[in-house]
Amino acid sequence: MIPTKLSAAIAADREQSVDIALAEDIGDGDVTAALVGVDEIAEARVIVREPAIICGQPWFELVFAKVDAKVTITWHVEEGEHVDTDQPICELHGSARSILTAERAALNFLQTLSGTATTTHHFVQEVATTGCRLLDTRKTIPGLRTAQKYATAIGGAVNHRIGLYDAILIKENHIASAGGTISAAVSAARNANPGLSVEIEVESLDELRDALDANVERVLLDNFSHQQLREAVALNTAHAHRCELEASGGVERDQLRAIADTGVDYISIGALTKHLRATDFSMRFRFRSASPQSDS
């Protein structure tokens, strides 16, 4: 489920992202598409070349809408659907020039966001039978923060804060600059931003005790061993103020189940957005004028 605040940000950012993608690709005109007859009509089919979770349809559609609103798109799959190798994703019909011009920008969004959603799905499956949930991070492709967070949600993860403005995460340097103690830093954060949730990063069980005494909503357990995570869960359970516990720190896919089994509520993973591999798609054309078929 995508939070309301993120949904609003996605809509605004999508418009800007698509404008930037088209500007950098088309510039002052597609000089190669100009070789195609202005009245030539084409039909095109997008094929996925590997198993994936489909994500990015709104971006794909907006690219074509901005290039030529008369191009029609018929989807054969739903957003978030699992697809297999060589499965048709959608059909396009309209001006050959327009489809050729919009093709790469549209596929770039589809391949990047499907790659993000697919990576996330694989990670989520590792903890599917536990009560632990996976969180995304701010380690995103510049300019695609909200798009990638949308994709991680499609893949089954939970969105962490969007940026530095919508939730408080206090780390070591913040503590040092705000009085040197966890309680002082938390107090300063609440006074400065009443109503925002407060999370604090700790590196030891003693720091966890201080964080629990400060009544924070969530504690990030940074680079704790599995044994330390179990001890942290026990300490949290016994405390009068139980908060959410988040494990973090270079987590790899093969470690997920063991970490989840310690009893933590969340695991945050930068790899969901920064280690993705774009999904392979191909767009095949058929021109009405019986021109030779081409693959992209």
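Located above this text is the structure these notes cover.
None of the values given here were measured: they were computed from a predicted structure.

A. Structural context of the overall build of the protein chain. In terms of helices and strands, the protein chain carries ten helices and twelve strands. Oriented by its inertia axes, the alpha-carbon framework of the protein chain measures out at about 75 × 40 × 25 Å. The burial tally for the protein chain puts 48% of its 296 residues in the buried class. Of the contacts formed within the protein chain by residues at least 6 apart in sequence, a portion of 72% connects residues at least 24 apart. Seen as two clouds, the 27 positive and the 42 negative side-chain charges of the protein chain have centres 1 Å apart.

B. Expanded view of the sheet that holds strand E1 (residues 41-48). The sheet built from four strands is open, its strands ordered E3-E5-E1-E12 with antiparallel pairing. Either end of the sheet is taken by a strand with one partner, and the two such strands are strand E3 (72-75) and strand E12 (281-287). Adjacent strand axes in the sheet meet at a mean angle of 20°, parallel and antiparallel pairs treated alike. As judged from the seven bridges shared by E1 and strand E5 (residues 88-95), these two strands associate in the antiparallel manner. Bridged to Glu43 within E5 is His93. Across the face of the sheet, helix H2 (residues 57-67) comes into contact with E1, E3, E5 and E12 while running at roughly 160° to E3. Against the sheet, helix H3 (residues 96-125) contacts E1, E5 and E12, and its axis sits at roughly 165° relative to E12.

C. Quick look at the layout of surface pockets. Volume-wise, the largest pocket comes out at about 480 Å³. Looking at the largest pocket, it is lined by 25 residues, and the ones nearest its centre are Thr137, Lys139, Ser248, Ser268 and Gly270. At the level of elements, strand E9 (218-222), strand E10 (244-248) and helix H10 (271-274) are the ones that each hand at least two residues to the lining of the largest pocket. Across the lining of the largest pocket, the residue classes break down as six nonpolar, eight polar and eleven charged. Size it by volume and the second largest pocket reaches roughly 300 Å³. Together, 15 residues line the second largest pocket, and Ser17, Ala21, Glu24, Phe109 and Leu144 are the ones closest to its centre. Elements that contribute at least two residues to the lining of the second largest pocket include exactly helix H1 (4-26) and H3. Of all the elements, H1 adds the most residues to the lining of the second largest pocket, at six residues. By residue class, the composition of the lining of the second largest pocket is seven nonpolar, five polar and three charged.

Conventions we followed
Residues numbered from 1 in each chain as written. Predicted model: local features only at pLDDT ≥ 70, side-chain atom pairs only at ≥ 80, totals over all residues. Heavy atoms only, no water. Helix = DSSP H or I, 4+ residues; strand = E, 2+ residues; numbered from the N terminus. Buried < 20%, exposed > 50% of the residue type's maximum accessible area, 1.4 Å probe, protein only. Contact = heavy atoms within 4.5 Å. Lys, Arg positive; Asp, Glu negative; His and termini not counted. Charge placed at Lys NZ, Arg CZ, Asp CG, Glu CD. Pairing = 2+ DSSP bridges. Axes fitted to C-alpha atoms, helices over the stretch in contact; angles between N-to-C directions. 1 Å grid on protein atoms, 1.4 Å probe; cavity = no way out; pocket = protein on both sides within 12 Å on 5 of 7 lines; lining within 4 Å. Points joined across faces, edges and corners; volume = space filled by probe spheres on them. Nonpolar A, V, L, I, M, F, W, Y, C, P; charged D, E, K, R; others polar.

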